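Structural features, examined
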Amino acid sequence: MTTTVPDAQAPEAVFDAALAADERIEPRDWMPDAYRATLVRQIAQHAHSEIIGMQPEANWITRAPSLRRKAILMAKVQDEAGHGLYLYSAAETLGTGREELLDKLHSGRQRYSSIFNYPTLTWADVGAIGWLVDGAAITNQVPLCRCSYGPYARAMIRICKEESFHQRQGYELLLALSRGTEAQHAMAQDAVNRWWWPSLMMFGPPDDASAHSAQSMAWKIKRHSNDELRQRFVDICVPQAESLGLTLPDPDLRWNEQRGHHDFGAIDWDEFHEVLRGNGPCNEQRIERRRRAHEEGAWVREAAAAYAAKHDGHHGTHDKHAEHTEHDNHGKPEEAAA
Ligand code: FAQ
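I will try to describe carefully the structure that is included in this document. Worth saying up front: this structure is predicted, and the values here are computed from it rather than measured. All residue numbers refer to positions counted from 1 along the written sequence of the respective chain. The predicted nature of this model means local features are confined to residues of pLDDT at least 70 and side-chain atom pairs, given and counted, to a pLDDT of 80 or more, with totals for whole chains, interfaces and linings taken over all residues. Computation of side-chain values: all heavy atoms of the structure, hydrogens and water removed.

1. Here we look at the overall build of the protein
Going along the chain from the N terminus, every DSSP run of H or I of four or more residues is numbered as a helix, and every run of E of two or more is numbered as a strand. A count of helices and strands for the protein gives 15 helices and two strands. Its C-alpha atoms give the protein principal-axis dimensions of roughly 65 × 65 × 45 Å. For the protein, buried positions account for 46% of its 338 residues. A separation threshold of at least 6 residues defines the contact pool for the protein, and within that pool the share at least 24 residues apart is 77%. Under the convention used here, a 1.4 Å probe and the Shrake-Rupley method define accessible areas, while residue burial counts only the protein chains that appear. In the structure as shown, the protein presents an accessible area of about 18200 Å², 55% of it carried by carbon and sulfur atoms. Where the 37 positive side-chain charges of the protein centre and where its 49 negative ones centre are 2 Å apart. In this scheme, a residue with accessible area under 20% of its type's maximum is buried, one over 50% is exposed, and one in between is partly exposed, where area comes from a 1.4 Å probe on protein chains only. Should any heavy atoms of two residues lie within 4.5 Å, those residues are considered in contact. The convention is simple: Lys and Arg are positive, Asp and Glu are negative, and His and the chain ends are not counted. In plain terms, the charge of a residue is placed at NZ if it is Lys, CZ if Arg, CG if Asp and CD if Glu.

Right under this line is the structure:
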């Protein structure tokens, strides 16, 4: 009979001990295959959401009502592209290339957030997305800064800082409309009416229907359940809606003294599942536009690859000593560093 003696240095034990001590798992560390696969799934879905999320807002860049609003919106849309890049890079550290992930997005084998399948019908939608969609994203993503996987956690710190600006610009835009003419106020209210419920769906299915939550929380990828974060978001939004002078479209929304939270009405989960099945108002349009953008960008990728190859060749002939000097000065020119 053979007996198995637990080995404290077995990779599983090292992984478990790191999680228990709240340490970060890094790319070269051993990790269970399922942990890696879960991270790739979540990070890819997140990255895809960032770049698909550029579309509904980009729809308004040419029609922004002032130069100031246009510059802000362009910067925001550009930030979302940057977030996609940080996240695809984080996924790459798990051994999954960007081409492969984009291919899965384009062929419908990987998801992006349900929220980006809704249309931006008026200028006020840009404000509602900033206030509600970025607000929901921050509520969900601040805990991800403490995710057990190092590269994802670090990407989230930077993303969350930028998302806070996004949320503020949306709030400020809606406030301007809400305090504007009667028609502007009505436009702001209409946008909030349309974006409120889909924003609550962003947090994912209810806890008892969330397939991955228990395992992801045990692995400290997720730190809170979908329902906990959804509740936190509702509690944050209620006083903000009051300050905006806008109404959240839920007759069942009220403070529950006993729970210390707001109760809110039932979410239409059939609608959520329909959107996930590809039957939301804009699913087809979003993917079609994304595929086309990818095809049209082929020449940029080719040019970048050719430039990189040329640059690499150049590096090969570089004086090693000169490179070190540059690094020792933290990239500053000689005089500035001296
Ligand atoms: N949409 O077991 P769970 C942004 C899927 S923010 C589509 O609970 P999990 C910023 C889920 O994948 C938006 N699918 O799953 C921005 C799973 O399907 P699968 C992106 C959803 O992973 C603002 C199934 O349902 N944020 O982009 C959704 O434990 C403005 C079962 O669900 C993130 O991705 C949904 N809403 O929890 C950009 C944050 N919810 O894979 C531009 C990171 C669930 O088994 C403009 N992700 N599903 O086929 C997360 O925190 C998690 O993945 C959750 C879902 C909470 C989204």
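2. Examining the environment of Pro56
Along the polypeptide, Pro56 turns up in helix 3 (residues 54-58). Sequence spacing of Pro56 and Ser243 is 187 residues, and the spatial spacing of their C-alpha atoms is 26 Å. Those residues in contact with Pro56 that sit more than four places away from it in its chain are Phe116, Tyr118, Thr120, Ile129 and Arg286.

3. What about the site of the ligand?
Being near a molecule or strand, for a residue, comes down to having at least one heavy atom within 4 Å of it. Neighbouring the ligand are 35 residues, the closest being Gln45, Ser210, His212, Lys222 and Asn226. The separation between an oxygen atom of the ligand and a polar side-chain atom of Gln45 is 2.7 Å. The definition of a polar contact used here is a pair of N or O atoms within 3.5 Å, where within protein one atom must be able to donate a hydrogen and the other to accept one, and adjacent residues in sequence count solely through side-chain atom pairs. Residue Met201 places a main-chain N or O atom 3.4 Å away from a nitrogen atom belonging to the ligand. Burial of the ligand by the protein chains amounts to 91% of its free accessible area of 1100 Å².

4. Things to note about the side chain of Gln110
When you line up the elements, Gln110 lands in the loop between helix 5 (98-106) and helix 6 (124-141). Within polar-contact distance, the side chain of Gln110 engages the side chain of His48 at 2.8 Å. Contacts of Gln110, omitting those with residues within four sequence positions, involve Ala44, His48, Leu101, Lys104 and Leu105.

5. So, the packing of aromatic side chains
Classification of ring pairs uses Phe, Tyr and Trp, with its six-membered ring standing for Trp, and accepts pairs whose centres are within 6.5 Å; under 30 degrees between planes counts as stacked, over 60 as edge-to-face, and the remaining range as tilted. Taken as a whole and assessed by the stated rule, the structure comprises eight aromatic pairs. Here the aromatic rings of Trp196 and Phe233 are separated by 6.0 Å at their centres, their planes lie at 20°, and the arrangement is stacked. Here the residue Trp196 occupies a position in helix 8 (residues 182-201), and Phe233 occupies one in helix 10 (residues 226-244), the gap between them amounting to 37 residues. Each member of the pair, Trp196 as well as Phe233, is classed as buried.

6. Regarding the environment of Ile43
The topology assignment puts Ile43 in helix 2 (residues 33-52). Taking the relative accessible area as the measure of exposure, Ile43 reaches 0% and is therefore buried. Residues Ile43 and Gly313, 270 residues apart in the sequence, show an inter-C-alpha distance of 33 Å. The residues contacting Ile43, other than those within four sequence positions of it, are Leu87, Ala90, Ala91, Leu94 and Tyr152.

7. Comments concerning the nonpolar core
The set of buried Ala, Val, Leu, Ile, Met, Phe, Trp, Tyr and Cys residues whose side-chain atoms join them within 4.5 Å is what this entry labels a nonpolar core. Residues Tyr35, Leu39, Trp131, Tyr149, Tyr152, Trp195 and Leu248 are the most contacted members of the largest nonpolar core, which totals 80 residues. The residues contacting Tyr35, other than those within four sequence positions of it, are Phe15, Ile25, Ser148, Tyr149, Trp219 and Ile221.

8. Considerations on the packing of helix 2 against helix 5
In the contact formed by helix 2 and helix 5, the axes pass within 11 Å of each other and the chain directions differ by 70°. Accordingly, the angle class assigned to the pair helix 2 and helix 5 is roughly perpendicular. Counted together, Val40, Ala44, His48, Ile51 and Ile52 of helix 2 and Leu101, Leu102 and Leu105 of helix 5 form the full contact between these two elements. Each residue is assigned to one class: nonpolar for Ala, Val, Leu, Ile, Met, Phe, Trp, Tyr, Cys and Pro, charged for Asp, Glu, Lys and Arg, and polar for all the others, Gly among them. Its residues assigned to classes, the contact of helix 2 with helix 5 shows seven nonpolar, one polar and no charged. Lines are fitted to the C-alpha atoms to define the axes, a helix being fitted only along its stretch in contact, and any angle between axes, read from their N-to-C directions, falls within 0 to 180 degrees. These descriptions rest on fixed angle ranges, namely under 35 degrees for roughly parallel, over 145 for roughly antiparallel, 65 to 115 for roughly perpendicular, and the rest for oblique.

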